[in-house]
Amino acid sequence: MLWRRGLGGTITIGLGIAAVASKSDHGLTCYCEHQCPNGQPNGTCTTSRYSQCFSAVQEELNEDTGEYDRIVSYGCLAAGEQGFLQCKGGNSLYGRGIQCCSTDMCNKDITPMYIPHTTTTVPPKVHINSVPYIAFMLSMITCLLVSVIIMCWVYLRYRRREKNRLHALPSTDSYISGNSNLLQTLIGHSSGSGSGIPLLVQRTIAKQIRIERQIGEGRFGKVCLANWRGEHVAVKIFTTINDQSWLRETEIYQTVLLRHENILGFIAADLKVSAGGAQMMLITEYHKRGSLHDFLKENTIDTAQLVIMARSIASGLAHLHEPINGTHGKPCIAHRDIKSRNILVKTDGECCIADFALAVRYDSRRNEIDIAPNSRVGTRRYMAPEVVNDTIDVTSFSAFKAADMYSTSLVFWELCRRSRQSWPVGGSPMLQADEYMLPYANLVGSDPSVEDMRLVLMVQRARPDIPMRWKCDNRLRVISELIQECWHQNPNVRLPALRVMKTLRKLEDSETLESNINHV
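Because the structure is predicted, anything quoted here is derived from the model rather than measured.

**With respect to the packing of helix H8 (residues 303-321) against helix H10 (residues 397-417)**
Direction vectors running N to C along H8 and H10 enclose 170°, while the axes themselves pass 11 Å from each other. With respect to H10, the element H8 is oriented roughly antiparallel. For the crossing formed where H8 meets H10, the hand is right-handed. Judged by residue contacts, Leu 306, Met 309, Ala 310, Ile 313, Ala 314, Leu 317 and His 321 of H8 engage Phe 397, Lys 401, Asp 404, Met 405, Thr 408, Val 411, Phe 412, Leu 415 and Cys 416 from H10.

And the structure:
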């Protein structure tokens, strides 16, 4: 059976089939069927020893039966980045799948996994036997032709305007040279109202990065401090097994209109493939104060700083959760891994949210939830009860937002513990900041299992302690009330991020006004 163009195109587009005329003693021999180079009959093909064999599957709609037919093909991939990306990214589409291997004839007996289409019902045939029906069809065709003409006219005008704009743009070198505020300019381009930094510029930046030292490490890989044109940036380097995390985080960061002062600024992403393997990099702003977790372990904060930090976290989360409507609007985004290690402290005392490898997007126009094909799960200590108990409604985006709010309440609790109250020297020791402690550290170990958290949250229904001293200060009292409303057992009654942000902003403004009055 020959390949045909079906819904959404065919897998043959972009597979980069290696067209090698003859076998090489040092090449890789693969089984080929339907995808043999140069139109050769089914049999074998040979490609570079640095490349891979593939087995691909695609479903195509049979218009006669209304069912999807499954078509399998075999062949050789070309060496390089294109083939690597096809092997890694080809299994996230409905009705398509690809699996690669790197030994002779290894692809002959493998069949890739894929997500099947739902079966559609063949529509009933309409008999054209009436004048009104023919008149209706003619009017529809006329409207369609007029619409096509208008669309072509608009497109031609757009092309002409874009051509003029491109002539006015500087070259790649001038894009990244001669600007004293270059880094902030690039960050503004990366996720603002436009489509982001051009790919060529991103790759140019990645090649110019000079790694200085490692500053962090996690399950995904490592974080390094780097220098680019005299300015410090952070480079997140992913291990090969975490390629899906890199793909997802790059997707989220390049979402139009994601840019916000309380979201970590994205600069560039790049993938380098060599004989030694693939190196996936994510380049972002560098904040020397580090994560909120590390900052709170070494420092205490006053209640004014507490309000600023809590409000900035709520502001960043509200920006993620809420959509921006328009032709090129921003979809709703839920983080799914809020914790103090994934929040960075800026030099001005505010915080910004980072690490979007588990994020989920919601398109309200299509009513679709986009969950990344990532096997990694969130941090168990910060998981909401419904996530731990596996009862979260994954078909409802509001459920993901409510889980984020539960995790945020635990981060606020960490902030409150390390806050010191304004009290005369020699005052009560009960009103001093508490030692830093992770949520539930008195109930579970350093790396709790899902069962440990299920016992705490579902059986004991426990929550971290709220000290009495928090009731002696207005700021602590208000935030502790928000905490208790956000970690409620019932996700439907938890406060939304926008409500929490407005409450904290009002608290911040009122305290600032009161402070100014006292200084008069």
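The discussion continues.
**Details of the sheet that holds strand S5 (residues 96-101)**
Taking strand neighbours across the sheet as the criterion, the three strands line up as S4-S3-S5 in an open arrangement whose pairing is antiparallel. Each of the sheet's edge strands pairs with one partner strand only, and the pair in question is strand S4 (68-76) and S5. Across the sheet, the axes of successive neighbouring strands diverge by a mean angle of 15°, strand direction being ignored. Relative to S5, strand S3 (residues 53-61) runs antiparallel, the two sharing six bridges. Paired with Ser 55 across the bridge in S5 is Gln 99.

**Notes on H8**
Taking 1.5 Å of rise per residue, the 19 residues of H8 would be expected to cover 27 Å, and the 27 Å separating its terminal C-alpha atoms lies within 8% of that figure. With 16 of 19 residues buried, H8 is to be regarded as a mostly interior element. The N-cap of H8, judged by a side-chain oxygen 3.1 Å from the amide nitrogen of Ala 304 a few residues on, is Asp 302.

**Quick word on the packing of aromatic side chains**
Evaluated as defined, the whole model comprises five aromatic pairs. Here Tyr 253 and Phe 356 contribute two aromatic rings whose centre-to-centre distance is 5.2 Å and whose plane-to-plane angle is 80°, an arrangement assigned as edge-to-face. Of the two residues, Tyr 253 is situated in helix H6 (residues 243-253) and Phe 356 in the loop between strand S14 (351-353) and strand S15 (360-363); the sequence distance between them amounts to 103 residues. Under the relative-accessibility criterion, Tyr 253 is labelled buried at 1%. Three or more aromatic residues joined by ring pairs make a cluster, and in this case those are Tyr 253, Phe 266 and Phe 356. A cation over an aromatic ring shows up here: Lys 236 above the ring of Phe 220, its NZ or CZ 4.4 Å from the ring centre.

**Remarks on the nonpolar core**
Within the largest apolar cluster, 80 residues are counted, with the highest numbers of intra-cluster contacts made by Leu 292, Phe 412, Leu 415, Ile 479 and Val 500. Element by element, the count of residues in this core is highest for H10, at 12 residues. Two domains each put at least three residues into this core: domain 2 (198-286) and domain 3 (289-512). In contact with Val 500, other than residues within four places in its own chain, are Ala 314, Met 405, Phe 412, Leu 482, Cys 486 and Leu 495.

**So, the sheet that holds strand S16 (residues 368-371)**
Across the sheet, three strands lie side by side as S12-S15-S16; this open sheet has antiparallel pairing. This sheet does not close on itself; its edge strands, each paired only once, are strand S12 (332-334) and S16. Here the average twist between neighbouring strands, direction ignored, is 20°. Sheet topology places S15 next to S16; four bridges connect them, and they run antiparallel. Bridge pairing in S16 places Arg 361 opposite Asp 370. In the packing of H10 onto the sheet, the strands contacted are S12, S15 and S16, and the crossing angle to S12 comes to about 50°.

**Observations concerning the pairing of strand S8 (residues 231-238)**
Across the eight residues that make up S8, a large majority, six, are buried. Two elements, strand S7 (residues 221-228) and S8, share eight bridges in a ladder whose sense is antiparallel. Counterpart to Trp 228 in the pairing with S8 is Glu 231. The turn linking S7 back onto S8 is made up of two residues, and Arg 229 within it adopts a positive phi angle of 55°.

**Structural notes on the state of the cysteines**
The tally for this structure, following the rule as stated, stands at four disulfides. One disulfide in the model links Cys 30 with Cys 53; its S-S distance is 1.9 Å. Every disulfide takes its handedness from the sign of the S-S torsion; for Cys 30 and Cys 53 that torsion is -75°, giving left-handed. With a gap of 23 residues between them, Cys 30 in strand S1 (residues 28-32) and Cys 53 in strand S3 connect regions that are remote in the sequence. Residue Cys 53 is classed as buried on the basis of its relative accessible area, which comes to 0%. Note that Cys 45 is cross-linked by a disulfide to Cys 76, the S-S spacing being 2.0 Å. Measuring the twist about the S-S bond at about 105°, one finds the Cys 45-Cys 76 disulfide to be right-handed.

Conventions and cut-offs
Residues numbered from 1 in each chain as written. Predicted model: local features only at pLDDT ≥ 70, side-chain atom pairs only at ≥ 80, totals over all residues. Heavy atoms only, no water. Axes fitted to C-alpha atoms, helices over the stretch in contact; angles between N-to-C directions. Helix = DSSP H or I, 4+ residues; strand = E, 2+ residues; numbered from the N terminus. Parallel < 35°, antiparallel > 145°, perpendicular 65-115°, else oblique. Left-handed = near helix turned anticlockwise from the far one by under 90°. Contact = heavy atoms within 4.5 Å. Pairing = 2+ DSSP bridges. Expected span 1.5 Å × (residues − 1). Buried < 20%, exposed > 50% of the residue type's maximum accessible area, 1.4 Å probe, protein only. Polar contact = N/O pair within 3.5 Å; in protein donor to acceptor, adjacent residues only side chain to side chain. Phe/Tyr/Trp six-rings, centres within 6.5 Å; stacked < 30°, edge-to-face > 60°. Lys NZ or Arg CZ within 6 Å of the ring centre and 35° of its normal. Core = buried A, V, L, I, M, F, W, Y, C linked by side-chain atoms within 4.5 Å. Domains from an automatic or database assignment. Disulfide = S-S within 2.5 Å.

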